[in-house]
Amino acid sequence: MTKYSFTEKKDTRSGFGAGLLEIGKQDANVVALCADLTESLKMDAFAKEFPDRFFQVGIAEANMIGMAAGLTIGGKIPFTGTFANFSTGRVYDQIRQSVAYSDKNVKICASHAGLTLGEDGATHQILEDIGLMKMLPNMTVINTCDFNQTKAATIAVAKHHGPVYLRFGRPAVPNFTAPDQKFEIGKAVVLTEGKDVTIIATGHLVWKAIEAEAKLAEAGISAEVINIHTIKPLDEEAILKSIAKTKCVVTAEEHQMNGGLGDSVAQLLSRKSPTPQEFVAVNDSFGESGTPDELMKKYGLETDNIIEAAKKVIKRK
Amino acid sequence: MANISELKKLSSQVRRDIVRMVHAVNSGHPGGSLGCVEFFVALYNDILKHNPKNFTMDGKGEDLFFLSNGHISPVYYSVLSRAGYFPVSELKTFRKLNTRLQGHPTTHENLPGVRIASGSLGQGMSVAVGAALSKKLNKDNSVVYSLHGDGELQEGQIWEAALYAAANKIDNYIATVDYNGRQIDGDVDNVLSLGNLKAKFEAFGWTTLEIANGNDMEQVISGIKNAQTYLGKGKPVIILMRTEMGYGVDYMMGTHKWHGKAPNDDQLKAALGQLEETLGDY
């Protein structure tokens, strides 16, 4: 039995859409731009409610990022929306110069991140975006785990001054976090307390980590599961506190091993507290077409992979 | 209108600043800077409704200017300082460690007058369009201006922004192209021809105007004021401004070779001999 339950599965992108609509009602300075993916990003409710504050830019992502930077001048809080691949790799230099280096208050909101985009294949399944964004000085990087958390994060980033990369996805996943949660940027959430191994997960892998914890418990292994929704700035204190207890760690993410959450954790631990670590992540590979479940299985991002990694890392202590 | 002879005096001083700045650090871009002196002097001393002594990022109620071809920072910095945004003496820090006057303009060091980083080309029109939309949302009737190199128009993002601005009637915005026909590798026509640039912008739905000689102060001022008469008419406005790269220094004219090269000591002396010190060197 998992320690968390859910009544329905929902997509994180819909959490973004709901959060955008709500923050749009609260703050008249919130504006949104979309590059021809309004329904996919679930921005249609905002577009309908606030037509004067919604900008359809067409299939022109570079212009969208530049326009968003310009809109901040005069006090607007722009949210850009497109798929994660077109939100990052396609517009890296625009984000770097016009947003991050220029310290513009732009929220880059990216859906369909990772393998779970599914059948469209590797052209659309970016697995490098966290790395690209976290390398930029001045950029906050957030990857949420369910509908409620994505909604809360969307509202929270509007109230945070500075550039943010907000990453979420397409499939319906268990909606288990509280609807009224307080989303604190940069604060890890300890989901289960344990003593044998720490499992640090982000995004869609958080629920899988919770499932892994339950199965590990049946095998007599006590796992502490931490939901890292903010990859940058990383909650170093929470991670070090957990590692001090468990002495080993598994990181889990729908991203390349290079440049992802695991890489950030490894950097922290090598500096502050060298600790055995196993990585559940895509290992230097592009994705391919398939259903989300098939892909997560083929590329080793399933609950069983986390369990296996946990057992392996415990032996390395 | 400001006194033309005063603006011409300022232009001569700005040209001295430019060649002295790039000479001092043996780097930077004098060619395009010299060619755009009249434009910047006119803009900051006769055209813009702005507040140099009390710079704010949001610039509410003020006209805004965005430099998209950031490499011509010497002319930008000289004119900003001489308009009162920051002390003229700061020009001596250009491109030196810990300076606010970075090689390419940035907001990162909080230099008054700069609202966006530029240098990587092709991004400024999108930013200007966004700022123009922000003005419209704020019911702020002031105007957004931008400057672009002609070589810069080879960047695809410019045409994304051009398409958007016309389709969405961004009519509180005047873009200008420094149409000097030259870029680092040679003549624009030989590197990658822009073809009929006027026809291209007209086809994109812009009001497309021309300044035949962008190194003639009267023509620059009347050209921009003419462009202002097209504001609020449902179309973005662009001025194709013919200039001479290196204008004012004889050996820098008629070639692309001074795009990004600083004069040596003798060359500096020769240049300064052609440019009257009117307002005092920094």
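Residues numbered from 1 in each chain as written. Chains lettered and ligands numbered in written order. Predicted model: local features only at pLDDT ≥ 70, side-chain atom pairs only at ≥ 80, totals over all residues. Heavy atoms only, no water.

Enquirer: Looking at this model, I keep getting lost on the interface of chain A and chain B. Mind explaining?
Expert: Buried accessible area, meaning the area lost when the parts come together, often serves as the stated size of an interface. In this complex, chain A contributes 28 residues to the contact, which on the side of chain B involves 29 residues. When chain A packs against chain B, the two sides together hide about 2200 Å² of surface, and 54% of this comes from carbon and sulfur. Of all residues in chain A, Ile73, Gln97 and Tyr101 of chain A give up the largest surface area on contact with chain B, accounting jointly for 29% of the area buried on that side. On the surface where chain A and chain B come into contact, there are zero salt bridges. The tally of links from chain A across to chain B stands at 20 residue pairs in polar contact (both at pLDDT 80 or more). Residue assignment for the side of chain A that touches chain B shows that the elements contributing at least two residues are β3 (54-56), α3 (61-71) and α5 (92-101) of chain A. For the side of chain A that touches chain B, the element with the highest residue contribution is α3 of chain A, accounting for eight residues. Looking at side-chain class alone, the side of chain A that touches chain B contains ten nonpolar, eleven polar and seven charged residues. (Contact = heavy atoms within 4.5 Å. Buried area = accessible area lost by both parts, 1.4 Å probe. Salt bridge = Lys/Arg side-chain N within 4 Å of Asp/Glu carboxyl O. Polar contact = N/O pair within 3.5 Å; in protein donor to acceptor, adjacent residues only side chain to side chain. Helix = DSSP H or I, 4+ residues; strand = E, 2+ residues; numbered from the N terminus. Nonpolar A, V, L, I, M, F, W, Y, C, P; charged D, E, K, R; others polar.)

Enquirer: Explain the sheet that holds strand β4 (residues 77-83) of chain A to me, please; I cannot follow it from the model alone.
Expert: Residue and element names in this part refer to chain A. What the seven strands build is an open sheet, ordered β3-β2-β4-β5-β7-β6-β12; its pairing is mixed. Strands at the two margins of the open sheet, each flanked by one partner only, are β3 and β12 (230-232). Adjacent strand axes in the sheet meet at a mean angle of 20°, parallel and antiparallel pairs treated alike. Inspection of the sheet shows strand β6 (residues 140-143) paired to strand β7 (residues 164-167) by four bridges, in the parallel sense. (Pairing = 2+ DSSP bridges. Axes fitted to C-alpha atoms, helices over the stretch in contact; angles between N-to-C directions.)

Enquirer: Just to check I follow, could you spell out the sheet that holds strand β1 (residues 64-67) of chain B for this structure?
Expert: All names here are of chain B. Strand order in the open sheet formed by five strands is β1-β2-β3-β7-β6, and the pairing between neighbours is parallel. For this open sheet the edge positions go to β1 and β6 (207-211), each flanked by a neighbour on one side alone. The sheet shows a mean angle of 20° between the axes of neighbouring strands, direction not considered. Here strand β2 (residues 144-149) runs beside strand β3 (residues 173-179); their pairing, made up of six bridges, is parallel. Residue pairing for β3: histidine 148 is matched across the bridge by valine 177. The sheet contacts of helix α5 (residues 124-137) involve β1, β2, β3 and β7 (237-242), and relative to β2 the element is tilted by about 175°.

Don't take any of this as a statement about function, it's just geometry.
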